[in-house]
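The residues making up each chain are set out below.
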Amino acid sequence: SQRPKAGDDSDSAVGRRESFVEPSDSEGLNSRLDPKYWSSASADGLKVRGKKYLEDRAKIPAEDPMFDLHRVDLFEFPHPTEHVAPSMDYVKTNPDKFFYIVQLMVPGPPHYSVVAAFEPKDEEASLKADSPFARLMRQFVDGTDEERNELFKLIPGIVEGSWLVQKAVGNTPAILGKKIRIAYHRGSNYVELDFDIASSAMAANIVRLVSGATKTVVVDMA
């Protein structure tokens, strides 16, 4: 069962928001997507800004990720669906664990959603320590949507795909909240980011181009 939630059909800074629904929190969502379709990528070849980037513009090799990829799910919803975390079985059955959840809402119909959940390798080091990473992570998890939009960056990369797909997606880091609408949800043991791809005509066109140009694609997203 699903309960309607009021949508906003007005134009926003990053595009047009569709009306949406939330799944019932009585459900324990689990698509049981075969792990052969997803994996936790290494940081090999990934570069991030160095400590003096604003002075020397130098990027340095990224260190190992602080979070592990816990699970990836693929759902088909009858309507654009946000805030799925309360209905995910791993959130409901692991109240003492923290999850960082990202949902890619593919424009429909049909309305597909890819939901990736990450968990810290060491919760103390990732969320509670007095370190640059943990301080920034706390600022993101408990900050305002405006702060989150300034902090969140996506680095894409096509590992396997046609030349057309590689050119369309590219590998340029993006402050994604300035490109599309991201809906943020904070729960007792999670933070959820919902990427409303339909809010950007350009992003929606890229999805249509990719889906029409290839049957198989392997993507790294950092």
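Residues numbered from 1 in each chain as written. Predicted model: local features only at pLDDT ≥ 70, side-chain atom pairs only at ≥ 80, totals over all residues. Heavy atoms only, no water.

> Could you clarify how one ought to interpret the overall build of the protein chain in this entry?
Along its length, the protein chain carries 7 helices and 13 strands. Burial statistics for the protein chain: of 222 residues in total, 39% are counted as buried. Contacts in the protein chain between residues far apart in sequence, at least 24 positions, make up 60% of those at least 6 positions apart. Split by element, the accessible area of the protein chain, about 13,000 Å² in all, is 53% carbon and sulfur. (Helix = DSSP H or I, 4+ residues; strand = E, 2+ residues; numbered from the N terminus. Buried < 20%, exposed > 50% of the residue type's maximum accessible area, 1.4 Å probe, protein only. Contact = heavy atoms within 4.5 Å. Areas by Shrake-Rupley, 256 points an atom, 1.4 Å probe, with all protein chains shown as cover.)

> Hey, could you run me through the packing of aromatic side chains in this one?
In this description, a pair of aromatic rings is defined by centroid distance and the angle of the planes. The final tally for this structure, using the stated rule, is 8 aromatic pairs. Ring plane angle 35° and centroid distance 6.1 Å describe the contact between Y100 and F140, whose orientation is recorded as tilted. Here F140 lies in helix α4 (residues 132-141) and Y100 lies in strand β8 (residues 99-105), a separation of 40 residues in the sequence. Considered together, Y100 and F140 belong to a single accessibility category, that of buried residues. In this structure an aromatic cluster arises from ring pairing among F67, Y100, F118, F140, F152, Y184 and F195. (Phe/Tyr/Trp six-rings, centres within 6.5 Å; stacked < 30°, edge-to-face > 60°.)

> Sorry, what's going on with the side chain of Q103 here?
If you trace the backbone, Q103 turns up in strand β8. For Q103, a relative accessible area of 0% puts it in the buried group. In contact with Q103, not counting residues within four places along its chain, are F77, T81, E82, H83, V84, S113, V114, V115, E192, L193, D194 and F195.

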